[in-house]
Amino acid sequence: MIEFIHVDKTYANGTAALRDINLRIEQGEFVAVIGLSGAGKSTLIRCINRMHEITGGTLMVDDVDVAKLKGREIRRFRRRIGMIFQSFNLVTRTTVLKNVLVSFVPELPYWRKWTGIYTREQKIKALEALDKVGILDKSFVRVDQLSGGQQQRVALARTLAQSPDIILADEPIASLDPVTARVVMDDFKNINKAMSISVIMNIHHVDMALEYADRIIGISQGEVVFDGEASKVTPEILQHIYGGQWEGEKHD
Ligand SMILES: Nc1ncnc2c1ncn2[C@@H]1O[C@H](COP(=O)(O)OP(=O)(O)OP(=O)(O)O)[C@@H](O)[C@H]1O
């Protein structure tokens, strides 16, 4: 469970990105965070794994008070939380399998880190993760020979291999065409449902958010202005979230 209790985030330059956020996200939910550019979506997501520090309130992940973690505890805590970015963050000049195996590096003993020797179990786990996202046949292909959608699936497999409880996804389909975006969203949904991994996704494609997520959190100027089931979202609610600037989905 993720719980925001009166959470504020003010950046060093004085920008108040999050104001008095109160949220409770249960294990296994698929949540889409929507709102105008600059509303605070990315900040909200990145506070959960402490890529950003909150400046007020309390943020709990299960029984962990995230702000109180120190040094090695932060690294251990982050192992439970996968992060997917718009830009995939892969090493493109090496194979798919090696990119997934990288997720085990923090667990390796010192000497194995340098030699890059992974155990049989780790290799099997990596291949299983690639199978789950449907690209097992690409395991020995170099990442730079894959399409954008396939690369995002490698990133997803890398995250899955670390057996996370939560996946944070920061605009994961922003650079993909609509057909490929749908394939990647299907992967997220399958993983969410089959493995009960919570997915918290910051997404600009409102139609995709409404179709795939169970719950929508609408953010405007750092505040939660809507929190409810995706099926209950109306054009009026979207107008409210987007400050009257909602004109329907643009497909480009
Ligand atoms: N490192 C930073 N330092 C100062 N201000 C920041 C920083 N990162 C974000 N901000 C500001 O905080 C506010 C929220 O930004 P954030 O990136 O969370 O919005 P967002 O809704 O994710 O936007 P987008 O959809 O464009 O990614 C914005 O006003 C932004 O300019």
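Residues numbered from 1 in each chain as written. Predicted model: local features only at pLDDT ≥ 70, side-chain atom pairs only at ≥ 80, totals over all residues.

Draft legend 1. Geometry of the packing of helix H5 (residues 120–132) against helix H6 (residues 148–161). Relative orientation of the contacting elements H5 and H6 amounts to 135°, with a least axis distance of 8 Å. In terms of their interaxial angle, H5 and H6 are classed as oblique. The two elements H5 and H6 meet at a crossing, and its hand is right-handed. When H5 is examined against H6, the residues Lys125, Ala126, Ala129, Leu130 and Lys132 are found in contact with a partner set consisting of Ala157, Leu160 and Ala161. Broken down by class, the residue content of the contact of H5 with H6 amounts to 6 nonpolar, no polar and 2 charged. (Axes fitted to C-alpha atoms, helices over the stretch in contact; angles between N-to-C directions. Helix = DSSP H or I, 4+ residues; strand = E, 2+ residues; numbered from the N terminus. Parallel < 35°, antiparallel > 145°, perpendicular 65-115°, else oblique. Left-handed = near helix turned anticlockwise from the far one by under 90°. Contact = placed C-beta atoms within 7 Å. Nonpolar A, V, L, I, M, F, W, Y, C, P; charged D, E, K, R; others polar.)

Draft legend 2. Highlighting H5. Over its 13 residues, H5 runs 18 Å from end to end, which matches the ideal 18 Å to within 8%, given 1.5 Å per residue. Those residues of H5 lying buried are Lys125, Ala126, Ala129 and Leu130. The arc that holds the buried residues of H5, viewed along the axis, is 140°, so those residues lie on one side. Summarising the geometry of H5, the exposed residues directed more than 90 degrees from the buried face are Arg120, Glu121 and Ile124. (Expected span 1.5 Å × (residues − 1). Buried ≥ 20, exposed ≤ 12 C-beta atoms within 10 Å, placed from the backbone. Arc of directions from axis to C-beta.)

Draft legend 3. Just the site of the ligand, in detail. Residues in close proximity to the ligand total 13 residues, the closest being Tyr11, Ser37, Lys41, Ser42 and Thr43. Looking at which element gives the most residues to the shell around the ligand, the answer is helix H1 (residues 41–48), with 3 residues. Among the residues making up the shell around the ligand, the classes are represented as 3 nonpolar, 9 polar and 1 charged. (Near = placed C-beta within 6 Å.)

Draft legend 4. Here's a closer look at the sheet that holds strand S10 (residues 223–229). Strand order in the open sheet made by the 6 strands is S6-S7-S8-S3-S9-S10, with mixed pairing throughout. Pairing within the sheet leaves two strands with one partner each, and these edge strands are strand S6 (81–85) and S10. Averaged over all neighbouring strand pairs, the angle between strand axes comes to 15°, with direction disregarded. Across 4 bridges, strand S3 (residues 30–34) lies against strand S8 (residues 198–202) in parallel orientation. When the bridges of S8 are listed, Val31 appears paired with Ile200. (Pairing = 2+ DSSP bridges.)

Draft legend 5. Highlighting the packing of H6 against helix H7 (residues 178–195). The contact between H6 and H7 brings their axes to 9 Å, and the two run at 15°. Considered as vectors, H6 and H7 are oriented roughly parallel to each other. Where H6 crosses over H7, the handedness of that crossing is right-handed. Contacts from Gly148, Gly149, Gln152, Arg153, Leu156 and Leu160 of H6 reach H7 at Thr180, Val183, Val184, Asp187 and Ile191. Taken together, the residues of the contact of H6 with H7 break down into 5 nonpolar, 4 polar and 2 charged.

Draft legend 6. Local environment of the sheet that holds strand S2 (residues 16–25). The 4 strands lie next to each other as S2-S1-S4-S5, forming an open sheet whose pairing is antiparallel. Single-partner strands in this sheet number two, and they are S2 and strand S5 (64–65). Note: strand S4 (residues 56–61) against S5, 2 bridges, orientation antiparallel. Residue pairing in the sheet places Val61 in a bridge with Val64 of S5.

Draft legend 7. Molecular detail of the environment of Val224. Tracing the chain through its elements places Val224 in strand S10. Sequence separation of Val224 and Ile241 is 17 residues, and the distance between their C-alpha atoms is 8.8 Å. For Val224, the contacting residues outside a window of four places in its chain are Ile21, Leu23, Ile217 and Ile219.

Draft legend 8. Spotlight on the environment of Gln221. Secondary-structure assignment places Gln221 in the loop between strand S9 (215–220) and S10. With 15 C-beta atoms counted inside 10 Å, the residue Gln221 sits in the partly exposed group. The sequence separation of Gln221 and Val100 amounts to 121 residues, and the corresponding C-alpha distance is 37 Å.

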